[in-house]
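Chain residues, written in single-letter form:
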Amino acid sequence: MCPYCGARFLYGQVKRMGGRGTGRCPHCGKVFRITSGRGRAALFCAAAAALVCLNLLLMQAPAVGMTFLLGVTAAGVAGAWLLLPYTARYRKK
Ligand SMILES: [Zn+2]
């Protein structure tokens, strides 16, 4: 969200601006600073905890193989990675 005009950014715009440095608001054209904030660490902790629990649960099922467990883990990591742009915070310069 833009700190000047409050405009919400589309996912593609957030991704293009990256996780750090500066970005320009496509609405008002003002330049702001991008910081990754504490959300990033929290997101990774939550994702890791969820994946460990999920793996432990799936291991109880006899038909679940290692390949499936790895697939689930990879999907979870990819999901967390996709959410990363949402952890960015925008500050006025
Ligand atoms: Zn703006």
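Placed above this text is the structure.
Residues numbered from 1 in each chain as written. Predicted model: local features only at pLDDT ≥ 70, side-chain atom pairs only at ≥ 80, totals over all residues.

Topic: the overall build of the protein
Turning to step 1, where the next piece is worked out: What the protein contains, in helices and strands, is three helices and three strands.
Turning to step 2, where the next piece is worked out: When the helices and strands of the protein are placed in sequence order, the string is α-β-β-α-α-β.
Turning to step 3, where the next piece is worked out: In summary, the protein has a C-alpha radius of gyration of 18 Å against a globular reference of 12 Å for 93 residues, an excess of more than 25%.
Turning to step 4, where the next piece is worked out: Dimensions along the principal axes, computed over C-alpha positions, put the protein at roughly 55 × 20 × 20 Å.
Turning to step 5, where the next piece is worked out: Buried residues in the protein amount to 5% of all 93 residues.
Turning to step 6, where the next piece is worked out: Long-range pairs, those at least 24 residues apart, make up 56% of the contacts in the protein between residues at least 6 apart in sequence. (Helix = DSSP H or I, 4+ residues; strand = E, 2+ residues; numbered from the N terminus. Rg over C-alpha atoms; globule rule 2.2 N^0.38 Å. Buried ≥ 20, exposed ≤ 12 C-beta atoms within 10 Å, placed from the backbone. Contact = placed C-beta atoms within 7 Å.)

Some words on the pairing of strand 2 (residues 31-35)
Turning to step 1, where the next piece is worked out: Bridging between strand 1 (residues 21-24) and strand 2 involves four bridges; their strand directions are antiparallel. Each residue of the ladder has a partner; that of G23, found in strand 2, is F32.
Turning to step 2, where the next piece is worked out: Following strand 1, the chain reverses through six residues before pairing antiparallel with strand 2; G29 in that reversal takes a positive phi of roughly 75°.
Turning to step 3, where the next piece is worked out: As defined by bridge partners, strand 2 adjoins strand 3 (residues 89-92) across four bridges and the pair is classed as antiparallel. Following the sheet pairing, T35 is matched in strand 3 by R89. (Pairing = 2+ DSSP bridges.)

Regarding helix 3 (residues 66-83)
Turning to step 1, where the next piece is worked out: Here helix 3 spans 26 Å end to end across 18 residues, near enough to the 26 Å set by a 1.5 Å rise per residue.
Turning to step 2, where the next piece is worked out: Counting buried residues along helix 3, only zero of its 18 residues qualify, which leaves the element largely exposed. (Expected span 1.5 Å × (residues − 1).)

What to know about the sheet that holds strand 1
Turning to step 1, where the next piece is worked out: Taken together, three strands build an open sheet; the order of strands is 1-2-3 and the sheet is antiparallel. Here the strands that pair on one side only, and so sit at the sheet edges, are strand 1 and strand 3. For this sheet the average axis-to-axis angle between neighbouring strands, irrespective of direction, equals 45°. (Axes fitted to C-alpha atoms, helices over the stretch in contact; angles between N-to-C directions.)

Things to note about the environment of T22
Turning to step 1, where the next piece is worked out: Position of T22 relative to the elements: it lies in strand 1.
Turning to step 2, where the next piece is worked out: Taking the C-alpha atoms as reference, T22 lies 8.8 Å from T35; in sequence the two are 13 residues apart.
Turning to step 3, where the next piece is worked out: Aside from chain neighbours lying at most four places away, what touches T22 is V31, F32, R33 and I34.

Description of the packing of helix 2 (residues 39-59) against helix 3
Turning to step 1, where the next piece is worked out: Contact geometry of helix 2 with helix 3 gives a least axis separation of 10 Å together with a crossing angle of 160°. The angle between the axes of helix 2 and helix 3 places the two elements in the roughly antiparallel class. Like other packed secondary-structure pairs, helix 2 and helix 3 cross with a definite hand, here right-handed. When helix 2 is examined against helix 3, the residues L43, F44, A47, A50, L51, L54, N55 and L58 are found in contact with a partner set consisting of L69, V72, T73, G76, A80 and L83.
Turning to step 2, where the next piece is worked out: A per-class count over the contact of helix 2 with helix 3 returns 11 nonpolar, three polar and no charged. (Parallel < 35°, antiparallel > 145°, perpendicular 65-115°, else oblique. Left-handed = near helix turned anticlockwise from the far one by under 90°. Nonpolar A, V, L, I, M, F, W, Y, C, P; charged D, E, K, R; others polar.)

Description of the environment of P26
Turning to step 1, where the next piece is worked out: Along the polypeptide, P26 turns up in the loop between strand 1 and strand 2.
Turning to step 2, where the next piece is worked out: Distance from P26 to R8, taken between C-alpha atoms, is 9.7 Å for residues 18 residues apart in sequence.

Describing the environment of R38
Turning to step 1, where the next piece is worked out: With respect to the helices and strands, R38 occurs in the loop between strand 2 and helix 2.
Turning to step 2, where the next piece is worked out: Each C-alpha atom, one on R38 and one on L10, is 21 Å from the other, the two residues being 28 residues apart in sequence.

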